[in-house]
Amino acid sequence: MQTKSDTAAWLRLQLTPGVGAVASRRLLAAFSLPQNIFQQSPSTLRAVVSEKQSLALLREPDNFQAALQGLEQWLEQSGQSLITLGDANYPQSLLLSPDPPLCLYLQCADALWWQAWAKQAQAPLVGVVGSRKPSPQGVKIAQTWAQEIAQSGFSVVSGLALGVDAAAHQGALQAPHWGLGRSIAVVGTGLDQVYPKQHADLAQQILDAGGAIISEYPLGTPAIAANFPKRNRIIAGLGLGVLVVEAALQSGSLITARLAMEANREVFAVP
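Let me sum up the structure you'll find in this document. (Residues numbered from 1 in each chain as written. Predicted model: local features only at pLDDT ≥ 70, side-chain atom pairs only at ≥ 80, totals over all residues. Heavy atoms only, no water.)

## Remarks on the overall build of the chain
The test is simple: Each helix is a run of H or I in the DSSP string that is no shorter than four residues. Each strand is a run of E no shorter than two, and both are numbered from the N terminus. Exposure categories follow from relative accessible area, calculated using a 1.4 Å probe and restricted to protein chains: below 20% of the type maximum is buried, above 50% is exposed, and the middle band is partly exposed. The criterion used for residue contact is that any of the two residues' heavy atoms lie within 4.5 Å. Here the Shrake-Rupley method, with its probe set to 1.4 Å, supplies the accessible areas, and only the displayed protein chains count as covering residues. For this count, His and the chain ends are skipped, Lys and Arg are scored as positive, and Asp and Glu as negative. Charge positions come from single atoms, namely NZ of Lys, CZ of Arg, CG of Asp or CD of Glu.
Along its length, the chain carries 13 helices and eight strands. With the principal axes as the frame, the chain shows a C-alpha extent of 60 × 40 × 30 Å. By residue count, 51% of the 271 residues in the chain fall in the buried class. Once local pairs closer than 6 in sequence are excluded, the contacts in the chain between residues at least 24 apart make up 73%. Carbon and sulfur atoms make up 54% of the accessible area of the chain, which amounts to about 12,600 Å² in all. Counting 18 positive and 18 negative side-chain charges, the chain places the averaged centre of each group 6 Å from the other.

Below, the structure is given as structure tokens:
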């Protein structure tokens, strides 16, 4: 269980401008804990990161106290948690991927289910991604495969987007027994909002079925186009493989497929 000071230090590290996940991992390797990072001298920090980054680390981020207060209030609600690198509940499969996120914001009512697969290096999860404007056949394929995946005891990972993502979550929910229809939605916004808004009901259905919604982005993060391709590495890194349905040549889905191959995961495709 993280203390409030732990939460504050992780959030400050995440919100420090110009210090991304790669630099943060170097800092953690050098100083072990976020709290220790902010106690270092500028010269000590410059031995690990750039001068600009070291100066940013010595200043509290703008609006940090308001962000911290909002996060603490969010964490007080049942089923909501912040999982950080090194946490026992951080998914091992993702930790072993090429670019694990610093933090995961999590909504999940079934902590035991999360913990059971999170400790596995090869978690029983399969990603399903694809076109935001699939053909009717593509929608049916995504739903059918997702349902079959769920009924086989695997959980479906997708992005809650329009098209194939939504069909995949809906297909998983059609598995006949409670506990088999779980899916994980990896979103590109803060978890205090749902994007797209028309998927608010779907998001709730995922949670009601015992699944999870996760994001690496702090609360209050709006829908920013660049964040969605970035979150695809989480979809690729969580499970055993990724099924791609009707992806366009220039699409986030093919980015996910490439990231899955780079993470040594299986990639399946339905043209």
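## Looking at helix α9 (residues 136-151)
As a reminder, the rule being used: Expected span, for any helix, means 1.5 Å times one less than how many residues it has. To be clear, the arc concerns the directions from the helix axis to the C-beta atoms.
With 16 residues, α9 should reach 22 Å at 1.5 Å per residue; the first-to-last C-alpha distance of 23 Å fits that figure. When we look at burial in α9, the residues that qualify are G138, I141, A142, A146, I149 and A150. Here the buried residues of α9 occupy an arc of 155° about the axis, which is enough to place them on one side. Away from its buried face by more than 90 degrees, α9 exposes P136, Q137 and K140. Contacts from the buried residues of α9 go to β3 (125-130), β4 (155-158), α10 (164-173), β7 (241-245) and β8 (266-270).

## Description of helix α11 (residues 200-208)
When α11 is considered as a whole, its buried residues turn out to be L202, A203, I206 and L207. Along α11, the residues classed as buried sweep out an arc of 140° about the axis, all on the same side. With respect to the buried face of α11, the exposed residues turned more than 90 degrees away are D201 and D208. Buried residues in α11 make contact with β2 (103-108), α10, β5 (183-186) and β6 (212-215). Following α11 by one or two positions, G210 adopts a phi angle in the positive range, close to 95°.

## Some details on the packing of aromatic side chains
Aromatic ring pairs are described here by two measures, namely the spacing of the ring centres and the angle between the planes. To be explicit about the condition: Between 30 and 60 degrees the pair is tilted, below 30 it is stacked and above 60 it is edge-to-face, where a pair is any two Phe, Tyr or Trp rings, Trp via its six-membered ring, whose centres lie within 6.5 Å. Any Lys NZ or Arg CZ that is within 6 Å of a ring centre and within 35 degrees of that ring's normal is treated as a charge sitting over the ring.
In this structure the tally under the stated criterion is four aromatic pairs. Positioned over the ring face of F38 is R12, at 4.1 Å from the centre of the ring.

## Here we look at unusual backbone geometry
Omega for the bond connecting Y195 with P196 falls within 30 degrees of zero, at -5°, which places this linkage in the cis form. Position of P196 among the secondary structure elements: in the loop between β5 and α11. One non-glycine residue, S32, adopts positive backbone phi at about 75°. Position of S32 relative to the elements: it lies in the loop between α2 (21-31) and α3 (34-37). In this model, L160 sits at a positive phi of 60°, which is unusual for a non-glycine residue. With respect to the helices and strands, L160 occurs in the loop between β4 and α10. We classify L160 as buried; its relative accessible area is 1%.

## Brief notes about the pattern of salt bridges
Opposite charge on two side chains makes pairing possible when the charged atoms of those side chains draw close. Keep this limit in mind: Here, a salt bridge means any Lys or Arg side-chain nitrogen found within 4 Å of an Asp or Glu carboxyl oxygen.
As enumerated under the stated definition, the model contains four salt bridges in all. R25 serves as the salt-bridge partner of D99, at 3.0 Å between the closest nitrogen and oxygen. You can see D99 sitting in the loop between α7 (92-95) and β2 and its partner R25 sitting in helix α2, a full 74 residues away along the chain. With relative accessibility at 23%, the residue R25 sits in the partly exposed group. With a shortest N-O distance of 3.1 Å, R182 and D110 are connected by a salt bridge. Of this pair, R182 sits in the loop between α10 and β5 while D110 sits in the loop between β2 and α8 (111-118), and the two are 72 residues apart along the sequence. Pair check on accessibility: R182 and D110 agree, each one buried.

## Topic: the environment of V245
Tracing the backbone shows V245 in strand β7. Classification of V245 by relative accessible area gives buried; the value is 0%. Along the primary structure V245 and P271 are separated by 26 residues, whereas in three dimensions their C-alpha atoms are 6.3 Å apart. In contact with V245, other than residues within four places in its own chain, are V129, G130, S131, G138, I141, A142, V164 and V270.

## Let's talk about the packing of α9 against α10
Cut-off, in case you're wondering: For helices, the axis comes from a line fit to the C-alpha atoms of the stretch in contact; other axes are also lines fit to C-alpha atoms, and the angle between any two N-to-C directions lies between 0 and 180 degrees. What sets the label is the angle itself: under 35 degrees gives roughly parallel, over 145 gives roughly antiparallel, 65 to 115 gives roughly perpendicular, and the rest give oblique. Should the near helix be turned anticlockwise from the far one by less than a right angle, the crossing is left-handed, and should it be turned clockwise, the crossing is right-handed. Note that Gly is not counted as nonpolar here; it falls among the polar residues with everything else outside the nonpolar set of Ala, Val, Leu, Ile, Met, Phe, Trp, Tyr, Cys and Pro and the charged set of Asp, Glu, Lys and Arg.
At a minimum axis separation of 7 Å, α9 and α10 run at an interaxial angle of 40°. Relative to α10, α9 is oriented oblique. When the axes of α9 and α10 are compared, the crossing they make is right-handed. Of the residues in α10, those touching α9 at V139, A142, Q143, A146, Q147 and A150 are V164, A167, A168, Q170, G171 and A172. Of the residues contributing to the contact of α9 with α10, the split by class is eight nonpolar, four polar and no charged.

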